[in-house]
Amino acid sequence: MEYGSWVWILSYMLHMVSNGIFLGMLMMLTFGDEELLKERKVKKYLKWGGVFLFLTGGTGILLLSILSMSGMDDLTNNPRGKSVLVMMIGYIIVLFIYSLALIYKGGEERLYKKMFGIIFFTYLIVYLIRGYLIAHL
């Protein structure tokens, strides 16, 4: 196997694992007990979530750059390109709400729960749209 395919496989695996861990963490914080949303615990989850969100974004950029090397000029041309656009828009929304959760100092559990819920359902909607677009390849 050539070097480029190893980079693709490893970055795709890292992307999916970090994305899954972050999504699982969000699901736990969205539907979990109010005890999880105490200020001290949330800050710990936000630190770990930031690591996985950074890995997801970094490997996503690497995967997109490898994908664009094979001649994917216009992202609105095919369903795969449209799904990439949907992922980028979803990632921007997630980063915005995540940064709001980072700078929030109020300590109110229900506000944290709403922010994590918005991030979780954004992920869910993005994956549903991607599944629909990829199914029509």
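The structure under discussion appears in the preceding block.
Here the structure is a predicted model, which is why all the values come from computation and not from measurement. (Residues numbered from 1 in each chain as written. Predicted model: local features only at pLDDT ≥ 70, side-chain atom pairs only at ≥ 80, totals over all residues. Heavy atoms only, no water.)

Peer 1: Looking at this structure, how should I read the overall build of the protein chain?
Peer 2: A count of helical and extended segments in the protein chain gives four helices and zero strands. Of the regular secondary structure in the protein chain, the N- to C-terminal order runs α-α-α-α. Within the protein chain, buried positions represent 31% of all 137 residues. Considering only residue pairs separated by 6 or more positions, the protein chain has 76% of its internal contacts joining residues 24 or more positions apart. Within the structure as shown, the protein chain displays about 8,600 Å² of accessible surface, and the carbon and sulfur contribution to it stands at 72%. Between the mean site of the 13 positive side-chain charges and the mean site of the 9 negative ones, the protein chain shows a separation of 4 Å. (Helix = DSSP H or I, 4+ residues; strand = E, 2+ residues; numbered from the N terminus. Buried < 20%, exposed > 50% of the residue type's maximum accessible area, 1.4 Å probe, protein only. Contact = heavy atoms within 4.5 Å. Areas by Shrake-Rupley, 256 points an atom, 1.4 Å probe, with all protein chains shown as cover. Lys, Arg positive; Asp, Glu negative; His and termini not counted. Charge placed at Lys NZ, Arg CZ, Asp CG, Glu CD.)

Peer 1: Please clarify how the environment of Lys43 should be interpreted in this entry.
Peer 2: Position of Lys43 among the secondary structure elements: in helix H2 (residues 39-69). With 59 residues separating them in the primary sequence, Lys43 and Leu102 have C-alpha atoms 7.8 Å apart. In this structure the side chain of Lys43 is engaged in a polar contact, spanning 3.4 Å, whose partner is the backbone oxygen of Leu102. (Polar contact = N/O pair within 3.5 Å; in protein donor to acceptor, adjacent residues only side chain to side chain.)

Peer 1: Would you mind going over the packing of aromatic side chains with me for this structure?
Peer 2: A ring pair, where both rings are aromatic, is described by two values, the distance of the centres and the angle of the planes. Counting across every chain of the model gives ten aromatic pairs. Measuring from centroid to centroid gives 6.1 Å for Phe31 and Phe121, while their planes differ by 85 degrees, and the two rings are edge-to-face. With a gap of 90 residues between them, Phe31 in helix H1 (residues 3-31) and Phe121 in helix H4 (residues 109-135) connect regions that are remote in the sequence. Judged by relative accessible area, which is 52%, Phe31 ranks as exposed. Ring geometry for Tyr123 versus Tyr127: centroids 6.2 Å apart, planes at 35 degrees, classification tilted. Here Tyr123 and its partner Tyr127 are both found in helix H4, four residues apart, which amounts to about one turn of the helix. Taking the relative accessible area as the measure of exposure, Tyr123 reaches 7% and is therefore buried. Among the aromatic residues, those joined into a ring-pair cluster are Phe22, Tyr98, Tyr123 and Tyr127. (Phe/Tyr/Trp six-rings, centres within 6.5 Å; stacked < 30°, edge-to-face > 60°.)

Peer 1: I would appreciate a short explanation of a nonpolar patch on the surface in the present structure.
Peer 2: Side chains of Trp6, Trp8, Ile9, Leu10, Tyr12, Met13 and Met16 sit close together on the surface and give an oily, nonpolar patch of about 670 Å² of accessible area. With respect to the element layout, Met16 can be found in helix H1. Since its relative accessible area comes to 36%, Met16 is described here as partly exposed. (Patch = residues over 30% accessible without salt bridge, like charges linked within 9 Å, V, L, I, M, F, W, Y side chains within 5 Å. Salt bridge = Lys/Arg side-chain N within 4 Å of Asp/Glu carboxyl O.)

Peer 1: I keep staring at the pattern of salt bridges and nothing clicks. Help me out?
Peer 2: In total, this model carries five salt bridges according to the counting rule given. The closest approach of N and O atoms between Lys38 and Glu109, which form a salt bridge, is 3.5 Å. In this pair, Lys38 is assigned in the loop between H1 and H2 and Glu109 in helix H4, connecting sequence segments 71 residues apart. Accessibility expressed as a relative area gives 36% for Lys38, which makes it partly exposed. One salt bridge connects Glu108 with Arg110, and the closest N-O pair in it is separated by 3.0 Å. Judged by relative accessible area, Glu108 falls into the partly exposed class, the value being 35%.

Peer 1: Any chance you could explain the nonpolar core here in plain terms?
Peer 2: Inside soluble globular proteins, nonpolar side chains tend to come together where they are buried. Grouped together as the largest cluster of nonpolar side chains are 21 residues, with contacts concentrated most on Phe22, Leu26, Tyr112, Phe116, Ile119 and Tyr123. Only H1, H2, helix H3 (79-103) and H4 provide two or more residues apiece to this core. Setting aside its immediate chain neighbours within four residues, Phe116 contacts Leu26, Leu29, Thr30, Leu37, Val42 and Leu46. (Core = buried A, V, L, I, M, F, W, Y, C linked by side-chain atoms within 4.5 Å.)

Structural measurements only, silent on function.
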